Amino acid sequence: MKLLQMLRVTEIFRSIQGESTHAGRPCTFVRLTGCPMRCVWCDSEYTFKGGEHYSIDYVMDQVKAFGCKLVEVTGGEPLAQREAFQLIERLCDEGYEVLIETGGYVSTAGLDQRAKVILDIKCPASGEEPRNDWSNLDRLRPDQDEVKFVIADEGDWLYAKNLIKERALESRTKAILISPAWDQIDLQQLADWISASGLNVRMQLQLHKYIWGPDVKGV
Ligand code: SF4
């Protein structure tokens with residue numbers, strides 16, 4: 001029974017939130033191990049293996065010690081571990097503001113309604129576009145959830161643009177994040193496409209990578 005309450009964790013650390021509308025805020029990150037996807041530009045491959053088995057109580061103690069009211073549960077793919085749903089509920093019960101960064105493959109059904117979802121929609125150049133779980137779009141809440149497109153080339157941008165319109169994402173989300181894949185696309189070019197689109201989207205850079213560098217972990 002005890003094993004059911006264990007999580008495989010790559011790292012727990014305090015930093016600033018680097019993406020989303022919460023960027024720049026102090027935040028404790030719980031990075032869970034493992035991901036069923038293999039995006040070609042993935043910057044978190046070190047989470048695919050290893051990790052330590054921690055009880056939810058232990059994770060809660062670690063989070064408390066960092067003293068941030070904002071907590072992000074990320075990965076890897078955090079929702080691939082069913083115990084993550086219990087952790088998220090515990091965090092919400094304890095009064096934390098909880099962000100979930102999910103890759104969009106695992107269903108968000110059953111997630112604590114107090115948690116805020118940042119849902120990736122995988123574009124073609126990721127190699128994982130066919131694995132998007134489209135039912136997740138039906139669970140988006142316009143007052144608190146965000147979607148994120150990582151853009152690696154023009155095909156990705158056109159894909160995102162069409163999908164935003166087809167699925168009426170502007171009215172179904174708090175924000176639509178357009179994030180350049182690191183070192184894959186000219187930032188000014190992406191900015192030009194976005195500004196010319198007339199869409200109510202937000203270009204975002206990964207703040208932590210500009211502060212600490214792209215390869216530093218635990219920040
Ligand atoms: S979903 Fe996230 S962690 Fe998983 S392979 Fe894609 S980018 Fe990496």
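All values reported here derive from a predicted model rather than from experimental measurement.

Considering the overall build of the protein
- The helix and strand tally for the protein stands at 7 helices and 9 strands.
- A compact globule built from 219 residues should have a C-alpha radius of gyration of about 17 Å, and the protein, at 17 Å, falls within 12% of that.
- Looking at the protein as a whole, 52% of its 219 residues are labelled buried.
- Counting contacts in the protein only where the partners sit at least 6 residues apart, residues at least 24 apart contribute 71% of the total.
- Of the roughly 10,300 Å² of accessible surface on the protein, a fraction of 48% belongs to carbon and sulfur atoms.
- Across the protein, the centroid of the 26 positively charged side chains sits 4 Å from that of the 33 negatively charged ones.

Re the side chain of Thr-173
- Topologically, Thr-173 is positioned in the loop between α5 (169-172) and β8 (175-180).
- Residues in contact with Thr-173, not counting those within four places in the same chain, are Leu-140, Pro-142, Asp-145 and Val-147.

Structural notes on the site of the ligand
- The immediate surroundings of the ligand are formed by Cys-35, Met-37, Arg-38, Cys-39, Trp-41, Cys-42, Phe-48, Gly-76 and Lys-122.
- Mapping the ligand onto the cavity grids shows that it belongs to the largest pocket.
- When its residues are assigned to classes, the shell around the ligand shows 6 nonpolar, 1 polar and 2 charged.

A closer look at helix α2 (residues 83-93)
- Within the sequence span of α2, burial applies to Glu-83, Ala-84, Phe-85, Leu-87, Ile-88, Leu-91 and Cys-92.
- Those residues of α2 hidden inside the fold are in contact with β1 (6-16), β2 (26-32), α1 (56-66), β4 (70-74) and β5 (97-102).
- Downstream of α2 by a residue or two, Gly-95 has a phi angle that is positive, lying close to 90 degrees.

A few points about the sheet that holds strand β6 (residues 116-120)
- Pairing in this open sheet of 9 strands is mixed, and the strands run β3-β1-β2-β4-β5-β6-β7-β8-β9 from one edge to the other. At either margin of the open sheet sits one strand with a lone partner, and together these are β3 (52-55) and β9 (202-203).
- Note that β1 and β3 share 4 bridges and pair antiparallel. Note on β3: the bridge partner recorded for Val-9 is Glu-52.

Examining the nonpolar core
- Counting 47 residues, the largest nonpolar core has Phe-149 and Ile-178 as the members making the most contacts within it.
- With 6 residues, the single largest contributor to this core is α2.
- For Phe-149, the contacting residues outside a window of four places in its chain are Ile-121, Cys-123, Ala-160, Leu-163, Ile-164, Leu-169, Ile-176, Leu-177, Ile-178 and Ser-179.

Things to note about the pairing of strand β7 (residues 146-151)
- The element β7 is largely enclosed, with a buried count of 6 among its 6 residues.
- Residues Glu-146, Lys-148 and Val-150 of β7 are buried on one face, and the alternating residues Val-147, Phe-149 and Ile-151, pointing to the opposite face, are buried as well.
- Here 3 bridges tie β6 to β7, and the two strands are oriented parallel to one another. The partner of Leu-119 across the bridge, within β7, is Val-147.

Remarks on empty space enclosed by the protein
- As enumerated under the stated definition, the model contains 1 cavity of 30 Å³ or more in all.
- Approximately 40 Å³ is the volume found for the largest cavity.
- Breaking the lining of the largest cavity down by element, the ones donating at least two residues are β6 and α3 (135-138).
- When the residues that make up the lining of the largest cavity are grouped by side-chain class, the tally is 4 nonpolar, 3 polar and 2 charged.

Some points on the pairing of β6
- Of all 5 residues in β6, 4 are buried, a share of seventy percent or more.
- Inspection of the sheet shows β5 paired to β6 by 4 bridges, in the parallel sense. Within β6, the position partnered with Glu-101 by the bridge is Ile-118.

Observations concerning the side chain of Gln-17
- Locating Gln-17 in the fold gives a position in the loop between β1 and β2.
- Polar side-chain contacts of Gln-17 include one of 2.6 Å to the side chain of Glu-72.
- Those residues in contact with Gln-17, other than ones at most four positions away along the chain, are His-22, Ala-23, Gly-24, Arg-25, Cys-27, Phe-29, Leu-70, Glu-72, Leu-99, Ile-118 and Leu-207.

Parameters and conventions
- Residues numbered from 1 in each chain as written.
- Predicted model: local features only at pLDDT ≥ 70, side-chain atom pairs only at ≥ 80, totals over all residues.
- Heavy atoms only, no water.
- Helix = DSSP H or I, 4+ residues; strand = E, 2+ residues; numbered from the N terminus.
- Rg over C-alpha atoms; globule rule 2.2 N^0.38 Å.
- Buried < 20%, exposed > 50% of the residue type's maximum accessible area, 1.4 Å probe, protein only.
- Contact = heavy atoms within 4.5 Å.
- Areas by Shrake-Rupley, 256 points an atom, 1.4 Å probe, with all protein chains shown as cover.
- Lys, Arg positive; Asp, Glu negative; His and termini not counted.
- Charge placed at Lys NZ, Arg CZ, Asp CG, Glu CD.
- Near = heavy atom within 4 Å.
- 1 Å grid on protein atoms, 1.4 Å probe; cavity = no way out; pocket = protein on both sides within 12 Å on 5 of 7 lines; lining within 4 Å.
- Sits in = over half its atoms within 2 Å of the grid points.
- Nonpolar A, V, L, I, M, F, W, Y, C, P; charged D, E, K, R; others polar.
- Pairing = 2+ DSSP bridges.
- Core = buried A, V, L, I, M, F, W, Y, C linked by side-chain atoms within 4.5 Å.
- Points joined across faces, edges and corners; volume = space filled by probe spheres on them.
- Polar contact = N/O pair within 3.5 Å; in protein donor to acceptor, adjacent residues only side chain to side chain.

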